[in-house]
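Single-letter residue listing:
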Amino acid sequence: MTAPSPPPGPHAPSLDLGGRTALVTGAAGGIGRACALRLAAAGAKVRAVDRDAAGLAALAEPAAGLPGTVEPHVLDLTDLDAAEHAAAGTDILVNNAGIQLVRPIEEFPPDVFHTVLTVMLEAPFRLIRGALPHMYGQKWGRIVNISSVHGLRASAYKSAYVAAKHGLEGLSKTAALEGAAHGVTSNCVNPGYVRTPLVERQLADQAAAHGIPEERVLSEVLLQDSAVKRLIEVEEVAEAVAYLCGPHASFVTGTSLVLDGGWTAH
């Protein structure tokens, strides 16, 4: 039996990011959308980056009336030069965009492997590279990389995703070591399975890979090793991101904040 999700609180925890500019990738949906709205609720001017123009346009309604702003920027992160340029002048960078394909290694398309590594590892490197001069110049910056439990552990049939997330962990730690003297922190947020379109699309792929019906994938594959038997909500991940951008997290850097319901406790 799946445990119910916690009800949302009446008010988000206090966080003032007024005057700060944030960039969130993969902002048209899922975790990225929640992060963009959470940071705007704290007063940030958010550059919402995604290749999905319609999804970005749909942010206008929930963003209306927030203390900050959400500005759509249509961008395909495989254009690495454009990604680096887009990050210039940002105070907060949230590397969130991701792609998933579930296939055995011997059947995994090499071109897809390349694209996953480009979007989920090389693009974050270029975005960080573009953001650091401004952060270093003002002696303040926050880099938050949306990793995964798959940045810490592996699962079968996810070679590209696991490789990219493991690489992102190392990139994040390196940025933390280099940025510490400049007032810049860099951390990963590592959720388990989140209620997002990406995870929902995995159900069919996992069903085919494991040879079981889709209705059994959630309980027997995705949540098998989780002590908390539910998906994480995107708002919970966004709160972790907001915490890392706040004043009480200035000593938190080079680490991974795990939100996995006990998945990695085994």
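Everything numeric in this text was worked out from a predicted model, so none of it was measured.

Draft legend 1. Inspection of the packing of helix α1 (residues 30-41) against helix α9 (residues 234-245) at higher detail. Where α1 contacts α9, the axes come no closer than 8 Å and their chain directions differ by 50°. Of the possible angle classes, the one that applies to α1 and α9 is oblique. When the axes of α1 and α9 are compared, the crossing they make is right-handed. Across the interface between the two elements, Gly 30, Ile 31, Ala 34, Cys 35, Arg 38 and Leu 39 from α1 touch Val 234, Glu 235, Val 237, Ala 238, Glu 239, Val 241, Ala 242 and Cys 245 from α9.

Draft legend 2. Summary view of the environment of Leu 257. Relative to the elements of secondary structure, Leu 257 occurs in strand β7 (residues 256-259). Distance from Leu 257 to Val 116, taken between C-alpha atoms, is 23 Å for residues 141 residues apart in sequence. For Leu 257, the contacting residues outside a window of four places in its chain are Cys 188, Val 189, Asn 190, Ala 240, Tyr 243 and Leu 244.

Draft legend 3. Molecular detail of the sheet that holds β7. The sheet built from seven strands is open, its strands ordered β3-β2-β1-β4-β5-β6-β7 with parallel pairing. On the outer flanks of this sheet lie β3 (69-74) and β7, each paired with one strand and no other. Each adjacent strand pair in this sheet contributes to an overall mean axis angle of 15°, direction not counted. Relative to strand β6 (residues 184-191), strand β5 (residues 141-146) is paired through six bridges, and the arrangement is parallel. Pairing of Val 144 across the sheet is with Asn 187, part of β6. Where helix α5 (residues 110-138) meets the sheet, its contacts fall on β1 (21-25), β4 (92-95), β5 and β6, and the angle it forms with β4 comes to roughly 170°.

Draft legend 4. Layout of the pairing of strand β2 (residues 45-50). In terms of residue burial, β2 counts as a mostly covered element, since five of its six residues are buried. Of the pairings in the sheet, the one linking β1 to β2 comprises five bridges and is parallel in character. Paired with Ala 22 across the bridge in β2 is Val 46. Following the chain from β1 across α1 to the adjacent parallel β2, one finds a crossover that is right-handed. Pairing of β2 with β3, which is carried by six bridges, proceeds in the parallel orientation. Of the residues in β3, the one forming a bridge with Val 49 is His 73.

Draft legend 5. Structural context of the pattern of salt bridges. For the structure on display, the rule yields eight salt bridges. Measuring nitrogen to oxygen at the nearest pair gives 3.8 Å for the salt bridge that ties Glu 71 to Lys 45. Taken together, the positions of Glu 71 in strand β3 and Lys 45 in strand β2 put the pair 26 residues apart, joining distant regions of the chain. A salt bridge links Glu 233 to Arg 195; the shortest N-O distance between them is 3.0 Å. Placement of Glu 233 in the loop between α8 (214-222) and α9 and of Arg 195 in the loop between β6 and α7 (197-210) is noted, with a sequence separation of 38 residues between them. Given the relative accessible area of 40%, Arg 195 is considered partly exposed. Via salt bridges that share partners, Asp 81, Glu 84, Arg 126 and Arg 129 belong to a single interconnected network.

Draft legend 6. Here's a closer look at unusual backbone geometry. The phi dihedral of Lys 139 falls on the positive side, at around 65°, and the residue is not glycine. With respect to the helices and strands, the residue Lys 139 is situated in the loop between α5 and β5. With a phi close to 75°, Tyr 157 is a non-glycine residue in the positive phi region. Given the relative accessible area of 28%, Tyr 157 is considered partly exposed.

Draft legend 7. How the structure looks around the packing of aromatic side chains. With the rule as written, the count across this model stands at one aromatic pair. Geometrically, the ring pair formed by Phe 108 and Phe 113 is edge-to-face, given 6.2 Å between the ring centres and 85° between the ring planes. According to the relative accessible area criterion, Phe 108 is buried, its value standing at 8%. Seen from the ring of Trp 140, Arg 20 lies directly overhead, with NZ or CZ sitting 3.7 Å from the centre.

Draft legend 8. Focus on the side chain of Gln 100. By the element assignment, Gln 100 lies in the loop between β4 and α5. Excluding its chain neighbours within four sequence positions, the residues that come into contact with Gln 100 are Lys 158, Tyr 161, Leu 198 and Gln 202.

Basis of the calculations
Residues numbered from 1 in each chain as written. Predicted model: local features only at pLDDT ≥ 70, side-chain atom pairs only at ≥ 80, totals over all residues. Heavy atoms only, no water. Axes fitted to C-alpha atoms, helices over the stretch in contact; angles between N-to-C directions. Helix = DSSP H or I, 4+ residues; strand = E, 2+ residues; numbered from the N terminus. Parallel < 35°, antiparallel > 145°, perpendicular 65-115°, else oblique. Left-handed = near helix turned anticlockwise from the far one by under 90°. Contact = heavy atoms within 4.5 Å. Pairing = 2+ DSSP bridges. Buried < 20%, exposed > 50% of the residue type's maximum accessible area, 1.4 Å probe, protein only. Right-handed = clockwise from strand over helix to strand, strands pointing away. Salt bridge = Lys/Arg side-chain N within 4 Å of Asp/Glu carboxyl O. Phe/Tyr/Trp six-rings, centres within 6.5 Å; stacked < 30°, edge-to-face > 60°. Lys NZ or Arg CZ within 6 Å of the ring centre and 35° of its normal.

Purely geometric stuff here, so don't read any function into it on its own.
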